[in-house]
Amino acid sequence: MNKQILLKSRPIGMVTTDHFEIVADDILSLKEGDLLVKAKYISVDPYMRGRMSDTDSYVAPFEVGKPIEGGVIAEVTESKHPGFKAGEFVLGNLKWKENQVVNGSLVTKVDKNLAPLSYYLGILGMPGLTAYFGLSNIGNPQPGETVIVSGAAGAVGMVVGQIAHIKGCRVVGIAGSENKAKILKEQFNFDEVINYHEKKDMTEAIKKACPDGVDVYYDNVGGDISDAVLQNINKQARIILCGQISLYNSTETPVGPRPQVTLLKKSALMKGFIISDYVQQFPEGIKQLVGWIKEGKLTYNETILKGFDSLPQAFIGLFKGENIGKLLVEV
Ligand SMILES: NC(=O)c1ccc[n+]([C@@H]2O[C@H](COP(=O)([O-])OP(=O)(O)OC[C@H]3O[C@@H](n4cnc5c(N)ncnc54)[C@H](OP(=O)(O)O)[C@@H]3O)[C@@H](O)[C@H]2O)c1
């Protein structure tokens, strides 16, 4: 049977496996321009939690009873498109299906000889580009400055920390376990890592880890962690609003300190962005990331679960901190 995974119901609060349903799917016949593709790697990403709710956002919600969709690397098994042949690999925003028919105009060819296929969903894909453009364009880190990143052991965060290091900054990470802290320091050149589960007073912990204050904050998580970082920013600090994962399963609008007074007193910048804002510059970003990988300045980690059926569990794992680096499913 060809399996697909549907959104069974919309979660209120924490997403569980009950919100997904695995069912059989018919494979349609190919029209001119179509490809039959077989999923190889499927990405799970925090933003997909937003699409499970029926709220207004920068991308439309998933429909109940319809397949989930997201980043997929797939092998072409049959082609009626002149630009593709069987055996080639493509990247696309595809349905959570083992096999599916897609028009060739909706996917991009990827080269498995240039980088491991899974990298096109991670360091050379959306998370890597998010790290690169958010940090470079909004953070504008300068040599000698202190850059702090939350969600530091994740797909985006571990790239942010390494780029900040390449730029000559002191790099402090915030992550959710001692093991993550150890890996970030030993393998990814972080100067300090704070395990937020172990610290009762995060404002003090950040002060201690950043004795010269915070010049750039790359915010992946929001909530209490970001409130504490804000207490430690320097004059002219830049705060990059990339993600707010600590709030994605909240049922209430969060209430916290109002940041305006701090931003005003510190002449600081706080700016949000969505990676598609930089779509025109993606080739430049990929070129730079590939360059740093080749020079040995940038490395990466992946947490890969096996089997199509593990997709819901993998997705939920993002909110439990189960990944180090990019979380993926190998079908
Ligand atoms: N703006 C954009 O265009 C854009 C693009 C891509 C991603 N993003 C955002 O960037 C952030 C990171 O994405 P990613 O793909 O790199 O995910 P990720 O960091 O690989 O995975 C999620 C991590 O978030 C941490 N986390 C989960 N719940 C948390 C909580 N309640 N409080 C604090 N940390 C929590 C966990 O690590 P710990 O064990 O450390 O808690 C978990 O491993 C997300 O917020 C995502 O939405 C934004």
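Here, the structure is the one placed above.
The text that follows walks through the structure, step by step, so that each part is easy to find. (Residues numbered from 1 in each chain as written. Predicted model: local features only at pLDDT ≥ 70, side-chain atom pairs only at ≥ 80, totals over all residues. Heavy atoms only, no water.)

1. Looking at the packing of aromatic side chains
(1) Moving on: Under the counting rule described, the total for this entry stands at nine aromatic pairs.
(2) Moving on: When the centroid spacing of 4.9 Å and the interplanar angle of 70 degrees are considered together, the rings of tyrosine 132 and phenylalanine 133 count as edge-to-face.
(3) Moving on: Classification of tyrosine 132 as buried rests on a relative accessible area of 9%.
(4) Moving on: Across from the ring centre of phenylalanine 84, 5.5 Å away, lies the NZ or CZ of lysine 109, which sits over that ring. (Phe/Tyr/Trp six-rings, centres within 6.5 Å; stacked < 30°, edge-to-face > 60°. Buried < 20%, exposed > 50% of the residue type's maximum accessible area, 1.4 Å probe, protein only. Lys NZ or Arg CZ within 6 Å of the ring centre and 35° of its normal.)

2. Side note on the site of the ligand
(1) Moving on: Around the ligand there are 26 residues in total, and Lys180, Tyr196, Tyr248, Ile275 and Asn323 lie nearest to it.
(2) Moving on: Glycine 176 places a polar main-chain atom, nitrogen or oxygen, 2.8 Å from an oxygen atom of the ligand.
(3) Moving on: Interatomic distance of 2.9 Å between a backbone N/O atom of phenylalanine 273 and a nitrogen atom of the ligand.
(4) Moving on: In the complex, the protein chains occlude 91% of the 910 Å² of accessible area that the ligand would expose alone.
(5) Moving on: Split by residue class, the shell around the ligand holds 15 nonpolar, ten polar and one charged. (Near = heavy atom within 4 Å. Polar contact = N/O pair within 3.5 Å; in protein donor to acceptor, adjacent residues only side chain to side chain. Areas by Shrake-Rupley, 256 points an atom, 1.4 Å probe, with all protein chains shown as cover. Nonpolar A, V, L, I, M, F, W, Y, C, P; charged D, E, K, R; others polar.)

3. Side note on the nonpolar core
Soluble globular proteins tend to bury their nonpolar side chains together.
(1) Moving on: Ranked by size, the top nonpolar core spans 50 residues in total, and within it Ile73, Leu135, Val159, Leu184, Phe190, Tyr218 and Leu289 carry the most contacts.
(2) Moving on: For this core, the element with the highest residue contribution is helix H2 (residues 126-139), accounting for six residues.
(3) Moving on: Apart from the residues lying within four places of it in its own chain, the contact partners of leucine 184 are Ala152, Ala153, Met158, Ala175, Asn189, Phe190 and Val193. (Core = buried A, V, L, I, M, F, W, Y, C linked by side-chain atoms within 4.5 Å. Helix = DSSP H or I, 4+ residues; strand = E, 2+ residues; numbered from the N terminus. Contact = heavy atoms within 4.5 Å.)

4. Focus on the environment of lysine 326
(1) Moving on: Note that lysine 326 resides in strand S15 (residues 326-330).
(2) Moving on: The exposure class of lysine 326 is buried, given its relative accessible area of 2%.
(3) Moving on: Along the sequence, lysine 326 and aspartate 45 sit 281 residues apart, while their C-alpha atoms lie 8.8 Å from each other.
(4) Moving on: Polar contacts involving the side chain of lysine 326 include one to the side chain of serine 43, which spans 2.9 Å.

5. Re the sheet that holds strand S11 (residues 214-219)
(1) Moving on: Pairing within the open sheet is parallel, and its six strands lie in the order S10-S9-S8-S11-S12-S13. Looking at which strands have only one partner, the edges of the open sheet turn out to be strand S10 (192-195) and strand S13 (269-272). For this sheet, the mean angle separating the axes of adjacent strands, direction not counted, is 15 degrees.
(2) Moving on: The sheet contact formed by strand S8 (residues 146-150) and strand S9 (residues 170-175) spans five bridges and is parallel. Counted as the bridge partner of valine 147 is valine 171 from S9.
(3) Moving on: In the packing of helix H5 (residues 202-209) onto the sheet, contacts are made with S8, S9, S10 and S11, and the angle to S10 comes to roughly 170 degrees.
(4) Moving on: Helix-sheet contacts for helix H6 (residues 223-230) involve S8, S9, S11, strand S12 (233-241) and S13, and the interaxial angle to S11 is about 165 degrees. (Pairing = 2+ DSSP bridges. Axes fitted to C-alpha atoms, helices over the stretch in contact; angles between N-to-C directions.)

6. Considering the packing of H2 against helix H8 (residues 282-294)
(1) Moving on: As a packed pair, H2 and H8 sit with axes 10 Å apart at the nearest point and diverge in direction by 100 degrees. As summarised for this structure, H2 and H8 are arranged roughly perpendicular, according to the angle between their axes. Here Gly128, Leu129, Tyr132 and Phe133 of H2 come into contact with H8, specifically with Phe282, Glu284, Gly285, Ile286, Gln288, Leu289 and Trp292.
(2) Moving on: When its residues are assigned to classes, the contact of H2 with H8 shows seven nonpolar, three polar and one charged. (Parallel < 35°, antiparallel > 145°, perpendicular 65-115°, else oblique.)

7. A closer look at the packing of H2 against helix H3 (residues 157-166)
Each pair of packed helices can be summarised by the angle the axes make with each other and by the distance between the axes.
(1) Moving on: Between H2 and H3, the shortest axis-to-axis distance is 8 Å and the interhelical angle comes to 45 degrees. Considering their axes alone, H2 and H3 lie oblique with respect to each other. At the point where H2 passes H3, the crossing takes the right-handed sense. For the pair H2 and H3, contact is made by Gly128, Ala131, Tyr132 and Leu135 and by Val159, Val160, Ile163 and Ala164, respectively.
(2) Moving on: Residue composition of the contact of H2 with H3, by class: seven nonpolar, one polar and no charged. (Left-handed = near helix turned anticlockwise from the far one by under 90°.)

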